[in-house]
Amino acid sequence: MQKLKGNKVVLVGNGAVGSSYAFSMLNQGVCDEFVIIDLNEAKAIGDAMDLNHGVVYAPNPMRIKYGTYADCSDADLIVICAGAAQKPGETRLDLVGKNMKIFKSIVDEIMATGFDGIFLIATNPVDVLTYAVQKFSGLPEGRVIGSGTILDTARFRFLLSQEFEVAADSVHAYIIGEHGDSELAVWSSANVAGMKVTDLLKDNKEKMEEIFVNTRDAAYEIIKAKGATYYGVAMGLTRISKAILGNENSVLTVSAKLNGEYGHDDVYIGVPTLINRNGISKVFETPLSAEEQEKFDKSVATLKAIQEPFFK
Ligand SMILES: NC(=O)C1=CN([C@@H]2O[C@H](COP(=O)(O)OP(=O)(O)OC[C@H]3O[C@@H](n4cnc5c(N)ncnc54)[C@H](O)[C@@H]3O)[C@@H](O)[C@H]2O)C=CC1
Ligand SMILES: CC(=O)C(=O)O
């Protein structure tokens, strides 16, 4: 029998994103115990059964069950994917009213159990809801993490990898800012084997714009095509979960609280962040060009304008 990791993860919100995350966690054997909570109890029970039937072929004998908020008291990590998703034509920011209410009730229920672990948030608008979870829970800022631009960075690296015909993990590039329309590419430091991506693209501004727009607008394309996006984000959430539970000290573009970094504070936003068993251990201030800093400032302003009415 393989050694158990002793980590308990609770998923709240077992829709398209949450159930894909559950499947990805099982496939990668990231934790020992996995609990699924959702308003749709029947689907959560069915998914727990279905996933259990794959355990024999998984890398670890993960224990999976349908649960209730009582299961949160001793959880190491709670991942929230509950709430409304975008319909075709809606932006992520359009979801804030509905999902803020849902989050208040979910976080109150969780904190009433005495939960003292780490939150990972995926629901949109993810940066604003991550800020809200920190406020609602009162947990240390570093123990509340949003998926941020982990998915956007993956999309960007994938598109660049196609352009250069190298593996995506050999492309070193970040998308930072809001997980949404005001995000930006950090072209100034993007590289493959130490060679600047802008040089490799021969400073072709049209090509750069095309790659960026295809990154930024990928969710709209996918939602138009099949109603929702879930596999990419599920892999991103699993990557963050592994970094936390495996105490990896990995640098990932998650939504982290700024305290003066990049000249801003009082906002959660996607930036390269050191992730380990304590959650967010450090926010890195990756060098930005003047143009990139200006775009980042605008992204911060966009998020603050959305969050401020809720936290005056
Ligand atoms: N951060 C990211 O990169 C991404 C975020 N998302 C976001 O993830 C969220 C979920 O998307 P989908 O899974 O596609 O939606 P979905 O509609 O398939 O699933 C939402 C689930 O939340 C559950 N739920 C609603 N209120 C609840 C409550 N109070 N307690 C427990 N469960 C509750 C529903 O029963 C449903 O199962 C959306 O906000 C979406 O925009 C989606 C893709 C990427
Ligand atoms: C829906 C969403 O946030 C995404 O796929 O980026």
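Remember, it's a predicted structure, so these values are computed and weren't measured experimentally.

Draft legend 1. Region of interest: the overall build of the protein. The helix and strand inventory of the protein stands at ten helices and 14 strands. Over its C-alpha trace the protein gives a radius of gyration of 19 Å, about what one expects of a compact globule, namely 20 Å for 312 residues. Taking the principal axes of its C-alpha atoms as reference, the protein extends roughly 55 × 50 × 35 Å. Every one of the 312 residues in the protein was classed for burial, and the buried ones make up 53%.

Draft legend 2. Quick look at the environment of Asp 181. Considering the arrangement of structural elements, one finds Asp 181 in the loop between β8 (175–176) and β9 (184–185). Asp 181 gets classed as partly exposed once you look at its relative accessible area, which sits at 36%. Here the alpha-carbon distance between Asp 181 and Lys 312, two residues 131 residues apart in the chain, equals 24 Å. Setting aside chain neighbours within four positions, we find Asp 181 in contact with Thr 91, Arg 92, Arg 216 and Tyr 220. Within polar-contact distance, the side chain of Asp 181 engages the side chain of Tyr 220 at 2.9 Å.

Draft legend 3. The arrangement of the site of ligand 1 in detail. Of all residues adjacent to ligand 1, which total 25 residues, the nearest are Val 17, Asp 38, Ala 84, Ala 122 and Asn 124. One nitrogen or oxygen atom from the side chain of Asp 38 is found 2.6 Å from an oxygen atom belonging to ligand 1. One nitrogen or oxygen atom from the main chain of Leu 39 is found 3.5 Å from a nitrogen atom belonging to ligand 1. Calculation on ligand 1 without its partners gives an accessible area of 860 Å², and the protein chains cover 83% of this total. Of all elements in the fold, only α1 (16–28) and α3 (96–111) reach the threshold of two or more residues within the shell around ligand 1.

Draft legend 4. Focus on the packing of α1 against helix α2 (residues 41–52). Between α1 and α2, whose axes approach to 11 Å, the crossing angle comes to 20°. Judged on the interaxial angle alone, α2 and α1 are roughly parallel. Seen from above, α1 lies across α2 with right-handed handedness. Contacts from Ser 19, Ala 22, Phe 23 and Leu 26 of α1 reach α2 at Lys 43, Asp 47 and Leu 51. Grouping the amino acids of the contact of α1 with α2 by side-chain chemistry returns four nonpolar, one polar and two charged.

So, how was this worked out
- All residue numbers refer to position in the chain's written sequence, counted from 1.
- Whichever chain is written first is A, and whichever ligand is written first is 1; the rest continue in order.
- At least 70 in pLDDT is required for a residue's local features to be given in this predicted model, at least 80 for side-chain atom pairs to be given and counted, and no such filter applies to totals for whole chains, interfaces and linings, which use all residues.
- As a rule here, side-chain values come from all non-hydrogen atoms in the structure, and water together with hydrogens is ignored.
- Helix and strand assignments come from DSSP, with helices taken as H or I runs of at least 4 residues and strands as E runs of at least 2, each series counted from the N terminus.
- Each radius of gyration is computed over the set of C-alpha atoms, and the globule rule expresses the reference value as 2.2 Å times the number of residues to the power 0.38.
- For the exposure calls, accessible area comes from a 1.4 Å probe over protein chains only, and a residue counts as buried if that area is under 20% of its type's maximum, exposed if over 50%, partly exposed in between.
- Residues are treated as being in contact if the distance between any of their heavy atoms lies within 4.5 Å.
- Nitrogen and oxygen atoms within 3.5 Å of one another constitute a polar contact, given that in protein one can donate a hydrogen and the other can accept it, and given that sequence-neighbouring residues count only through two side-chain atoms.
- Only heavy atoms are used to decide nearness, and a residue is near a molecule or strand if one of them lies within 4 Å of it.
- The protein chains shown are the only cover counted for residues, whose accessible areas, like all others here, come from Shrake-Rupley with a 1.4 Å probe.
- Where helices are involved, their axes are fitted lines through C-alpha atoms of the stretch in contact, as for all axes, and angles between N-to-C directions lie from 0 to 180°.
- Note on angle classes: values under 35 degrees are labelled roughly parallel, values over 145 roughly antiparallel, values of 65 to 115 roughly perpendicular, and the remainder oblique.
- When the near helix sits turned anticlockwise from the far one by under a right angle, the crossing is termed left-handed; a clockwise turn instead gives a right-handed crossing.
- Residues are sorted three ways: Asp, Glu, Lys and Arg are charged, Ala, Val, Leu, Ile, Met, Phe, Trp, Tyr, Cys and Pro are nonpolar, and all the rest, Gly among them, are polar.

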